[in-house]
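Understanding the architecture of this molecule
Listed below, chain by chain, are the residues.
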Amino acid sequence: MTVDVHQHLWTPAFVEALRRRTTAPRLDGWTLHLDGEPAYEVDPADHDLAGRLALNVGLDLALVSLSSPLGIESLPPEDAWPIIDAYHEDALALPAPFGAWAATCLSEIDPARLARTLDARDGVRNDVKDGDGAGDGARGVRPGLAGLQLPATAVRDAAGLARVTPLLDVLTERDLPLFVHPGPATEPEGPGWWPAVVPYVQQMHAAWYAFAAFGRARHPRLRVCFSLLAGLAPLHSERLANRGGEGRGQVDPDMFLETSSYGPRAIDAIVRELGVDIVVSGSDQPYATAPDPALGDAAWHAIAVTNPNRLLNGKESRK
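The model shown is predicted, which means the values in this text are computed figures rather than measured ones.

Focus on the overall build of the chain
If you tally the helices and strands in the chain, you get eleven helices and eleven strands. Residues counted as buried form 52% of the 319 residues belonging to the chain. Within the chain, counting contacts between residues at least 6 apart in sequence, those at least 24 apart form 75% of the total. For the chain, the exposed area adds up to about 13700 Å²; of that, 52% sits on carbon and sulfur atoms.

Listed below in structure tokens is the structure:
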């Protein structure tokens, strides 16, 4: 089963919720206003359902997520929840091949509400086969809400991870994964591409090392996927070792890296460092397309089929 774990699709209720706002994050028509980023002209065609379905031909599952750089999760609860609820309602109504990552308010941690949201998802599909139709023992990914997305800004240090521990416990109890996505770039600097290339990458780099240093011991069974190859954080293992860190040569099989915004050279470097089994395919549509890893058919099958199924289903997909 071919999976893209990282897409964004702004549905009508979500768009209207942003248009009702008078302060950032807000939409004025199709002009997006954020703190820390220049005004951005959204192309409505990027979020057209028919067009996206055409782009997703060949995928068995495409997971959409809330756009965490907007900063919605960090708004006061009375502002955050209406937008998050609108996102959940429309995302869960999307047709196949769509599923979604859940979102949650971070200004007031509410694990009970997250638990109710996740428990309301559809049941596990048991009839999913792997990419060649032969079946690989997996029960298949869960439709609906696959797990929880958090912005990297919420989990980039020990204090942040401690604060969201109740949310991560909810995931562990349900054997569901965490998806870490860049959060807001709140300090404007440089040209229009600056947020995506500098603060987003820095956030992901910090989140990768923070989870390894502070999160894994507290959450030993949690599967975590870091978008945009964790900002290439694993490639700094030599510097880590030279500065007194540990872990070079050790691979955490439940810390996954998603490929969006990178290409064959970066993917090859990550595979050389950690192996292919922790790399999963993600596109970040509509902003990019899923890269071709250019590592051969077996690697493509691992990245687009086997590894995403293991991320989403854990031990179920290893039987």
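Moving on from the model shown.
Re the packing of aromatic side chains
Applying the stated rule across the entire model yields four aromatic pairs. Ring centres 5.7 Å apart and planes at 65° place the aromatic pair W10 and F14 in the edge-to-face group. Assigned by exposure class, W10 and F14 land together as buried. Here the aromatic rings of W193 and W194 are separated by 5.9 Å at their centres, their planes lie at 35°, and the arrangement is tilted. The ring of W30 is capped by R19, whose NZ or CZ atom sits 4.8 Å from the centre of that ring. Above the face of the W81 ring, R113 is positioned so that its terminal group lies 3.7 Å from the ring centre.

Focus on the side chain of S65
Along the polypeptide, S65 turns up in the loop between β5 (61-64) and α3 (77-92). We classify S65 as buried; its relative accessible area is 4%. Here Q149 takes part through its side chain, which lies 2.7 Å from a polar atom of the side chain of S65. If we ignore the near neighbours within four places in the chain, the residues touching S65 are H6, Q7, H8, Y87, W101, Q149 and H181.

Here's the deal with unusual backbone geometry
Look at the link from A24 to P25: it is a cis peptide, with omega at 0°. When you line up the elements, P25 lands in the loop between α1 (12-19) and β2 (26-28). With an omega dihedral of 10°, the bond running from Q285 to P286 counts as a cis peptide bond. With respect to the helices, strands and loops of the structure, P286 is situated in the loop between β11 (279-280) and α11 (297-313). In the Ramachandran plot, D175 falls in the positive-phi region, its phi being about 55° despite a non-glycine side chain. You can call D175 partly exposed: its relative accessible area is 26%. One non-glycine residue, L228, lies in positive phi territory at about 40°.

Observations regarding the pairing of strand β3 (residues 31-34)
Where β2 lies against β3, three bridges are found, and the strand directions are antiparallel. The partner of R26 across the bridge, within β3, is H33. Pairing of β3 with strand β4 (residues 37-41) involves three bridges; the strand directions are antiparallel. Bridging across to β4, L32 finds its partner in Y40. What sits between β3 and β4 in their antiparallel hairpin is a turn of two residues, with G36 showing a positive phi close to 90°.

Quick look at the pattern of salt bridges
Inspection of every chain in the model, using the stated rule, returns eight salt bridges. As a salt-bridge pair, D119 and R174 come within 2.7 Å of each other at their nearest N and O atoms. One end of the pair, D119, is in helix α4 (residues 111-119); the other, R174, is in helix α6 (residues 165-174), and 55 residues separate them in sequence. Note that R272 and D268 form a salt bridge whose closest N and O atoms lie 2.7 Å from each other. With R272 and D268 both in helix α10 (residues 264-274), this residue pair falls four residues apart, about one helical turn. For R272, a relative accessible area of 69% gives the class exposed. With relative accessibility at 23%, the residue D268 sits in the partly exposed group. Several salt bridges share partner residues, and in doing so they unite D119, E173 and R174 into one network.

Definitions and cut-offs
- Per chain, the residues get numbers from 1 upward, laid out in the order the sequence is written.
- The predicted origin of the model limits local features to residues at a pLDDT of at least 70 and limits the giving and counting of side-chain atom pairs to 80 or more, whereas totals for whole chains, interfaces and linings rest on all residues.
- Excluded from the side-chain calculation are hydrogens and water; included are all heavy atoms of the structure.
- Secondary structure counts use DSSP, requiring at least four H or I residues in a row for a helix and at least two E residues in a row for a strand, with both numbered from the N terminus.
- Throughout this description, buried means an accessible area under 20% of the type-specific maximum (1.4 Å probe, protein chains only), exposed means over 50%, and partly exposed covers the range between.
- Note on definitions: a residue-residue contact is assigned when non-hydrogen atoms from the two residues lie within 4.5 Å.
- Shrake-Rupley sampling with a 1.4 Å probe provides the accessible areas, and residues are treated as covered by the protein chains on show and by no other component.
- For Phe, Tyr and Trp, rings pair up if their centres lie within 6.5 Å, where Trp contributes its six-membered ring, and each pair is then called stacked (planes under 30 degrees apart), edge-to-face (over 60) or tilted (otherwise).
- We count a charge as sitting over a ring when the NZ of a lysine or the CZ of an arginine lies within 6 Å of the ring centre and within 35 degrees of the ring normal.
- Any pair of N or O atoms that falls within 3.5 Å is considered a polar contact. Within protein, one atom must be able to donate a hydrogen and the other to accept it, and sequence-neighbouring residues count only if both atoms are side-chain atoms.
- At least two DSSP bridges between two strands are needed for those strands to be called paired.
- Note on definitions: salt bridges are taken to be side-chain nitrogens of Lys or Arg within 4 Å of carboxyl oxygens of Asp or Glu.

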